[in-house]
Structure formats: structure tokens, C-alpha cells
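# Overview (structure and organization)
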Amino acid sequence: MIYKRSSALFEEAQQYIPGGVNSPVRAFKAVGGDPIFVKEAKGAYLYDEDGNKLIDYIASWGPMILGHAHEPVVNAVIEKAKKGTSFGMPTEIETDLAKLAVSMVPNIDKIRFVNSGTEACMSAVRLARGYTGKDKIIKFAGCYHGHSDSFLIQAGSGAVTFGSPNSPGVTQGTAKDTLLATYNDLSSVEMLTDANKREIAAVIIEPVAGNMGCIIPDEYFMKGLRELCTKEGILLIFDEVMTGFRLGRGGAQQVLGIDADIVTFGKVIGGGLPVGAFAARKEIMDYLAPIGPVYQAGTLSGNPLAMSAGLAMLTELNNKPEIFRSLADKTAYLHKGFDRVLQGKGIPYQINRFGSMISVHFTDKPVVDFASSAKGDNETFKKYFHGMLSQGIYLPPSAYESYFLNDALSYEDLDATITALETIIPQLQ
Ligand code: PLP
């Protein structure tokens, strides 16, 4: 494949945009080479500026669960845009989307819309602090909750991809209120709660992690975490920015059978437009301004275009919940196919999968937390990424990211992906 035009566009972009990108992981730094510039996308396919067609496994990092340019979503946005793009005043469609989200997700009575997953998590933590009157939070190494200051402590995703899980610019004062635990290790949380009695407002976690590759939560860890939070008067925040409306109608809470106190959303809830949200029971949400003391606001929050895209997306998922099963089946099929190709080839690997999230790690040990994920061989990953790309398969350009399958992927696409892996095996040995 030729990427001449993408490379030229990247060259130009670097003169005007730091690193040529508006979000670091797009720059291909972890895998080398120039990023690919997308021209358009439809269904399961990306079409780049050089005319290459790629099977897409990132789905805009999750939102395009129904495939790109899905007609009901596109039409809803077009129709809405004709009537004005922003008012800074209440609109009925905000309540429509709120009502639908609240009916789909367990344990939430009210929801507030924001513009990104970062804003959702940042606001959820402020709400938890205001509600409990406590300052500290616990997060897990390798989990990513957006780029707000409190979370850039041993963060996953792009932050760790670029070797900056703790970013300059985050003050010591902020950092001291974020305590770090180990994913899937309840004793690491207990140690922190014991040492900081009555000081912890919230524990925030990706209920199925996707920012150190896909990491599956241990059942007893999650149950224990819920019990510990209840016992200590700590709010449990499920960051469902990736998992919400992806793992099932009710997200990870429903699939894992664990109740969270506050839930954050992003990605799917905006149908590909910039939206995030946070939600909880009434008594917690009513702590927010204008009725409660915790301030939170946004000029473009509840934007009509974003609401219409989200409403079209969630309506379809709500009406056709079989999509979640079908996505999980496709992901299992891919997993099986990859196993068939990789087994016995002398390439150490692990595949983690949960619902429609999956990742391949080049290590011989189970990947259960950030430390085990970081043991993956990045040189092999680079060859794997570029090898697959040369076969027309677009995977996340970092070993610390989950793949997100979309409903438009056909079994022929999955077979083509498995065949691509078979073709590049000699490059990995
Ligand atoms: N939380 C999780 C679990 C995420 O994966 C992300 C982004 O990937 C965020 C929060 C931040 O969302 P955004 O990039 O929309 O700010």
C-alpha cells in the first residue's frame, strides 16, 4: 500500500498542530511511521487519502459501534443541523436522550451531558468530592479517565504510550490526592483505605479496562471492591466511557452484576459527536448546580447535533439488543481465528477479550493489570501492527489499546483479518 498523500499531509500538519495531531495516540509514535489520514468511512471500512481501503478495528476508539456513516445517525444530524446548531438554551431532545439513557442503565435516575469522556470523569470526581466532603480518590495504574489533572497519575492509553503516565503540569498538590492501586488486586485498595481512613471520596475504575489493552476484571475483585466502598462510605465510580452501551444495554454494571454509585459515559452515547455524560441516583445528582452546591457547566453541553446523533444511536441499540450478542460472537470468532493462526508458531502471545473488546499481547504470561500488560514485547507489536496494516487491517497503533468491533463488520471481513495474520506470521517469528 502507498501512503504518499498521508505522509505529505502529516508533514504539513506538523507545521501548524503540535506533533501534527489533536490527540497524541494518532501520531503512530509507539509503532513508528507516519499516521494515515482518513478521507471518509462507511460501515466497517476506512478510505484514506491515498485511496486505500482498510478494515477498521478502532471504530473512532469506540463510538462507531454501528459502523461508520450509519444512515439513521447521519440523517438525524443533518435534519437537526438545518434547524440550528447551538442555542445555549434547553431543548427537548436533551430530555429525550436522558430519558432513554436512564431507562437503559441500572442505578441511575438522572444524567448530565458534557462534551467528552474527560469532562465526564472530571465532573464525576468533583461531584463525589462535594457529596462526601472528602478530597482523595483512588485510581488504578493503567486505567485512563481522560486528561484532566487528577487522572494523569500512572494513566494508561496514550499517556503511557508516550512514556508520560504522570504529566508535567500536574501540581504536587493535585497529585497527592490521587492514590494508586493495582487492577484486580483488592488488597492494594484495602491498604490505601486503611491508611487514609475517612479521607477517600471515590474509587474510579474502568470496569473492563481498555487502556492497557483489554483487561478482564476478576469477579471476586469487583465484588470485593463494591463491598469495601460501601463499608468505608466511598463512592464507586464506574468509568463506562468505553464499556457503556457497548457491552450491553446497561453497560458493565449490568453485565458484571455490580452496582456503581456514579457512572461516566462517552463515545457511543454521542454517536460519533463530542459527548460525554455522568449519571447517578437522584440524591447524588441533585448535589449539582443549579439545585446543589457542586458547580459544573458547559456552553455546548447538550448540543442539539450531538444529542440527535446520540439519540439515534441509543434508540437503535435499545430496539435491537441482539447487536450486543452478535458483536460478542464476532469478537469470539476473531479470537478463535487468531488462536488457530498463532498457536504453535513460537510467538508468545495472550489474547484478552470481553464482549466486543479484544486485544493481543505479545507475552507468555497472563495480562491482568498494568505491570503484566507492560511486559508485552513492543518490537513484535510494531511488526504486527505494520504487517496487518500492509494487508489492509487498521488496528490501534499502540499495544495499550483495546480493539472495538463494530456491527458493520462481516464474517468475510473477520476471515480477511485472520488470513492477514496468517500472511504476516513469518514477519513475527
Ligand atoms: N475514560 C475512558 C475509559 C476512556 O477510554 C477515555 C478515552 O479514551 C476517556 C475516559 C476520555 O474520554 P475523551 O477522550 O472523550 O475525553
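Residues numbered from 1 in each chain as written. Predicted model: local features only at pLDDT ≥ 70, side-chain atom pairs only at ≥ 80, totals over all residues.

### A few points about the packing of helix α2 (residues 71-81) against helix α11 (residues 304-319)
Note the threshold: All axes here are fitted lines through C-alpha atoms, helices being fitted over the stretch that makes contact, and every angle between N-to-C directions spans 0 to 180 degrees. Per the convention used, a helix needs a DSSP run of H or I reaching at least four residues, while a strand needs a run of E reaching at least two, with both numbered from the N terminus. In this scheme, roughly parallel covers angles under 35 degrees and roughly antiparallel covers those over 145, while 65 to 115 is roughly perpendicular and the rest are oblique. If you view the pair so one helix is near and one far, a crossing is left-handed when the near helix is turned anticlockwise from the far one by less than a right angle, and right-handed when it is turned clockwise. Note on contacts: residues are paired as contacts if their backbone-placed C-beta atoms lie within 7 Å. Residue polarity is assigned by list, with Asp, Glu, Lys and Arg as charged and Ala, Val, Leu, Ile, Met, Phe, Trp, Tyr, Cys and Pro as nonpolar; anything else, Gly included, falls into the polar class.
Look at α2 against α11: their axes get within 8 Å of each other, and the N-to-C directions meet at 150°. With respect to their mutual orientation, α2 and α11 come out roughly antiparallel. Considering how the two elements wind past one another, α2 and α11 form a crossing that is right-handed. Contacts from P72, V73, A76, V77, K80 and A81 of α2 reach α11 at P304, L305, S308, A309, L311, A312, M313 and E316. Looking at the contact of α2 with α11 residue by residue, the classes come out as 11 nonpolar, 1 polar and 2 charged.

### Some words on the domain arrangement of the protein chain
Just so we agree on the cut-off: Segmentation of the chain into domains, including their bounds, is taken from an automatic or database domain assignment.
For the protein chain, the domain assignment lists domain 1 (4-69 + 321-428) and domain 2 (71-319). Contacts between the two partners involve 35 residues from domain 1, matched on the other side by 34 residues from domain 2. Elements that contribute at least two residues to the side of domain 1 that touches domain 2 include exactly α12 (322-342), β11 (350-354), β12 (357-361) and α13 (370-374). Here the side of domain 1 that touches domain 2 takes 4 residues from β12, the largest share from any one element.

### Some thoughts on the sheet that holds strand β7 (residues 200-205)
The test is simple: In this description, strands pair whenever DSSP reports at least two bridges between them.
If you trace the 7 strands from one edge of the open sheet to the other, you get β4-β10-β9-β8-β7-β5-β6, paired in mixed fashion. With one partner strand each, in any of the chains shown, β4 (110-114) and β6 (178-181) form the two edges of the open sheet. Within the sheet, the average angular offset between the axes of one strand and its neighbour, ignoring direction, is 20°. For β4 and strand β10 (residues 276-280), the ladder comprises 5 bridges, and the chain directions are antiparallel. Each residue of the ladder has a partner; that of R112, found in β10, is F278. Against the sheet, helix α4 (residues 117-132) engages β4, β5 (136-140), β7, β8 (235-239), β9 (262-265) and β10, with an angle of about 165° to β9. With respect to the sheet, helix α8 (residues 219-232) is in contact with β7 and β8, its orientation differing from that of β8 by roughly 140°.

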